Amino acid sequence: MSAVVIEKSTTLREGAFGNAKALSCRECGHHVELGPHYACPECFGPLEIAYDFGTVTREQIEAGPRNIWRYKALLPVPDDIETSPNTEPGFTRLLKADNLAAELGIANLWVKDDSTNPTNSFKDRVVACALSAARELGAKVFACPSTGNLANAVAAAGARAGIKTVVFIPRNLEQPKQVNSAVFTESLVAVNGNYDDVNKLASEIAGEEDGWAFVNVNVRPFYAEGSKTLGYEIAEQLGWRLPDQIVIPVASGSQLTKVHKAFQELIRLGLVEDRPYKVFGAQAEGCSPVSVAYKAGVDAIRPVKPDTIAKSLAIGNPADGIYVLDICRQTGGAVEDVTDDQVREGIVLLARTEGIFTETAGGTTIAVLRKLVETGQLDPDLETVAINTGHGLKTLDAISGSVGPAATIDPTYAAFAATGLGG
Ligand SMILES: Cc1ncc(COP(=O)(O)O)c(C=O)c1O
Ligand SMILES: [Zn+2]
């Protein structure tokens, strides 16, 4: 086999990428052999994985483990993926959110709660797929530029797999996200700049250093496929059917495009009924290049300098932004944005209605869901899923000024009674 590897002494084994057959350009359709490539040699368009699935059945999937590897036939991973150490993310709860639904005036609402993954965000899914590719391609270093959650996931997965990790973040990141990386790796690098600066630096390092797999740069096509598992799980947990509407936060836009890809694959494979669904994207106003383009009715995305408490979504130049626009428009959805105050309200609303503590990205999603209902863009009578992609304990600062003790009292009944909280 002639496929390109990251480390030259590595020989690619048969079946290293499962049913994946090639990398295919999303713009011109040109095919490239599987390897650490991400841009089309013909037109510089982004590459994605093309498959030859054969037959995949519900029974086959249901017999698999309760993690993302139950979908291994649909991912660019080898058939023996369960035997190599990884964090085994996925199969998180799909909760019927009746209290939140009542609050928002929605008839039928579900929250896909990805905050319970091993490092408390959906990024464990993409990283597990990237780790498999890095291993198969012979990488010596597992790395990423990150807005926080990805660095946590890369550092933890690398520790478990016994591969050296180096993770790069903007210096101004939330302290808990820094600690959640540094606890797993000696090589957390804080960069003077925003995410887009960190991303540029990572591309430069990937070009200079041998043997490095940057999960979202040179193995991005493999990494991105991990987000499809969110779509597969939602469909399976609904009893093998698609929801009518889904709301997904957007930073680079990769997750949203891959959930849509997952739904399309399930339809093509005959695993769910082919019926229309609407995809909605959620951004914070302080970093909303995709929703600005959506509202202006244009196809081009103008990069912005992020300024929002939703730091995990603070990508000013989103790689998959144009595809998000396409998908939301084609399916009849929309892209909407909310203020930082609304993000905070979204966090508290989800916590007080459903007992789920989400981070700022989830606060953005819930606040956008509310705004979509209020503005008539989302049909409250249709079945809706909102994805909670991360955990609130990582962004405590965002709401520590908004919630706290209702009273501070002496340890006496009289003092308690005086608060009016009894009864
Ligand atoms: C918690 C959380 N939600 C959503 C996203 C957005 O993901 P994407 O870049 O695939 O749009 C991120 C990205 O870092 C994230 O950390
Ligand atoms: Zn191309």
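Refer to the structure presented above.
Just so you know, these numbers come straight off a predicted model, no measurement behind them.

(A) Structural context of helix α13 (residues 360-374). Across its 15 residues, α13 extends 21 Å between first and last C-alpha, which sits within 8% of the 21 Å expected from 1.5 Å per residue. The element α13 is largely enclosed, with a buried count of 12 among its 15 residues. If you check which residues of α13 are buried, you get Thr360, Ala361, Gly362, Gly363, Thr364, Thr365, Ile366, Ala367, Val368, Leu369, Leu372 and Val373. Where α13 terminates, the next one or two residues include Gly376, which has phi positive at roughly 75 degrees.

(B) Structural context of the packing of aromatic side chains. Applying the stated criterion across every chain, the model contains seven aromatic pairs. Both rings, one in Phe17 and one in Phe222, keep their centres 5.0 Å apart while their planes meet at 40 degrees; by these two values the pair is tilted. Highlighted residues: Phe17 in the segment before β1 (20-25) and Phe222 in helix α7 (residues 220-225), separated in sequence by 205 residues. With respect to burial, Phe17 and Phe222 carry one shared label: buried. Between Tyr51 and Phe53, the ring centres sit 4.6 Å apart and the planes meet at 20 degrees, which makes this aromatic pair stacked. Residue classification places Tyr51 among the buried positions, given a relative accessible area of 17%. The class for Phe53 is buried, based on a relative accessible area of 14%. Among the aromatic residues, those joined into a cluster by ring pairs are Phe168, Trp212 and Phe214. Note that Lys96 overlies the ring of Trp110, its terminal NZ or CZ placed 5.7 Å from the centroid.

(C) Spatial organisation of the coordination of the zinc ion (ligand 2). For the zinc ion (ligand 2), every protein donor is listed as Cys25 (SG), Cys28 (SG), Cys40 (SG) and Cys43 (SG), and the spread of their distances is 2.2 to 2.4 Å. In the primary structure, the donors to the zinc ion (ligand 2) are separated according to the pattern C-x2-C-x11-C-x2-C. Residue Cys28 is located in the loop between β1 and β2 (31-32), and its partner Cys43 is located in the loop between β2 and β3 (47-51); the two are separated by 15 residues in the primary sequence. Judged by relative accessible area, which is 43%, Cys28 ranks as partly exposed.

(D) Focus on the side chain of Glu136. Inspection of the secondary structure assignment puts Glu136 in helix α3 (residues 123-136). For Glu136, a relative accessible area of 10% translates into the label buried. In this structure the side chain of Glu136 is engaged in a polar contact, spanning 2.8 Å, whose partner is the side chain of Arg13. Ignoring sequence-local partners within four residues, the contact set of Glu136 consists of Thr10, Leu12, Arg13, Ala16, Phe17 and Pro78.

(E) Broad picture of the nonpolar core. Membership of the largest hydrophobic core comes to 78 residues, with the highest contact counts inside it found for Phe17, Phe142 and Ile246. Judged by nonpolar contacts, the second largest core, of 26 residues, contains Leu109, Val247, Ile356 and Leu369.

Reading guide: rules and limits
Residues numbered from 1 in each chain as written. Chains lettered and ligands numbered in written order. Predicted model: local features only at pLDDT ≥ 70, side-chain atom pairs only at ≥ 80, totals over all residues. Heavy atoms only, no water. Helix = DSSP H or I, 4+ residues; strand = E, 2+ residues; numbered from the N terminus. Expected span 1.5 Å × (residues − 1). Buried < 20%, exposed > 50% of the residue type's maximum accessible area, 1.4 Å probe, protein only. Phe/Tyr/Trp six-rings, centres within 6.5 Å; stacked < 30°, edge-to-face > 60°. Lys NZ or Arg CZ within 6 Å of the ring centre and 35° of its normal. Donors = N, O, S within 2.8 Å, 3.2 Å for Na, K, Ca; no water. Polar contact = N/O pair within 3.5 Å; in protein donor to acceptor, adjacent residues only side chain to side chain. Contact = heavy atoms within 4.5 Å. Core = buried A, V, L, I, M, F, W, Y, C linked by side-chain atoms within 4.5 Å.

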